[in-house]
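# Notes for the structure review
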Amino acid sequence: LIILHPDVLISGTRVGGSTPCVRKAVLGEIYKSSAPSLPALNGILGHQVFEQCLFHGDFSEGFIKKQIKTAIPGYVEDIYTIGKSEKECEDFLSTLVNNITTFGNKYGP
């Protein structure tokens with residue numbers, strides 16, 4: 001394995017899919033589509049909330065809801081691009097509160 005451009009991180013999936021054309025992986029990573037999707041946005045927001053709970057060691061319902069309200073404003077443009085509202089995203093993230101709390105009670109501090 002020879003690394004020619006160490007400043008470009010390419011996923012294994014991209015490398016595996018580039019067998020017919022060795023440049024395809026690099027070009028695909030550089031020019032990938034940046035259009036947001038609902039599942040991707042929900043995943044990003046959910047992980048961000050979960051990460052803050054882990055970082056602060058707080059899995060209480062109140063803290064999780066506060067983190068949801070803190071996370072959403074950073075993604076307003078993406079939310080509107082996919083045709084959703086901030087309330088719809090907040091409603092989805094609220095469905096994760098119980099799971100995050102359960103995880104924190106089982107594995108947290």
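Per-chain numbering applies: the sequence of each chain, read as written, is numbered from 1 onward. With the structure being a predicted model, the display of local features is reserved for residues of pLDDT at least 70 and the display and counting of side-chain atom pairs for 80 or more, all residues being used for whole-chain, interface and lining totals. Values reported for side chains reflect all heavy atoms of the structure, with hydrogen atoms and water molecules removed beforehand.

### Some points on the overall build of the protein
Each helix and strand in the protein was counted, giving seven helices and zero strands. The secondary structure elements of the protein, listed N-terminal to C-terminal, are α-α-α-α-α-α-α. Scored against the burial criterion, the 109 residues of the protein give a buried share of 22%. Expressed as a percentage of contacts within the protein between residues at least 6 apart in sequence, the contacts between residues at least 24 apart total 53%. Accessibility throughout is a Shrake-Rupley quantity obtained with a 1.4 Å probe, and a residue counts as covered only by protein chains that appear here. For the protein, the accessible surface area stands at approximately 7,900 Å², while carbon and sulfur atoms represent 59% of it. Think of it this way: any DSSP run of H or I at least four residues long counts as a helix, any run of E at least two long counts as a strand, and we number them from the N terminus. Only protein chains enter the area calculation, which uses a 1.4 Å probe; residues under 20% of their type maximum are buried, those over 50% are exposed, and those in between are partly exposed. Contacts are assigned to residue pairs that have any heavy atoms within 4.5 Å of one another.

### Thoughts on helix α7 (residues 97–107)
Side chains three or four residues apart in an α-helix point the same way, a direct result of the helix having 3.6 residues per turn. Buried within α7 we find Val97, Ile100, Thr101 and Gly104. Each buried residue of α7 sits inside an arc of 100° when the element is viewed along its axis, so together they form one side. Looking at α7, the residues exposed on the side facing more than 90 degrees away from the buried face are Asn98, Asn99, Lys106 and Tyr107. By definition, the arc is the one covered by directions from the helix axis to the C-beta atoms.

### Let's talk about the nonpolar core
One finds Val49, Cys53, Ile64, Ile68, Ile72 and Ile100 to be the most contacted residues of the largest nonpolar core, which totals 15 residues. Going through the elements one at a time, α3 (38–56), α4 (61–71), α6 (86–94) and α7 are the ones with two or more residues in this core. Every residue in contact with Ile100, bar those within four places of it in the chain, is listed here: Val49, Phe50, Cys53, Phe59 and Ile64. Take the buried Ala, Val, Leu, Ile, Met, Phe, Trp, Tyr and Cys residues and link them wherever side-chain atoms come within 4.5 Å; each set so joined is a nonpolar core.

### Comments concerning a nonpolar patch on the surface
A contiguous nonpolar surface patch, about 300 Å² in accessible area, is contributed by Leu54, Phe103 and Tyr107. Here Leu54 is to be found in helix α3. Overall, the relative accessible area of 44% leaves Leu54 in the partly exposed class. Nonpolar side chains (Val, Leu, Ile, Met, Phe, Trp, Tyr) within 5 Å and like charges within 9 Å form the patches, drawn only from residues with over 30% relative accessible area and no salt bridge. Every case where a carboxyl oxygen of Asp or Glu lies within 4 Å of a side-chain nitrogen of Lys or Arg is listed as a salt bridge.

### Digging into the side chain of Thr101
Along the chain, the position of Thr101 falls in helix α7. Other than its neighbours up to four places away in sequence, Thr101 contacts Phe59, Glu61 and Ile64.

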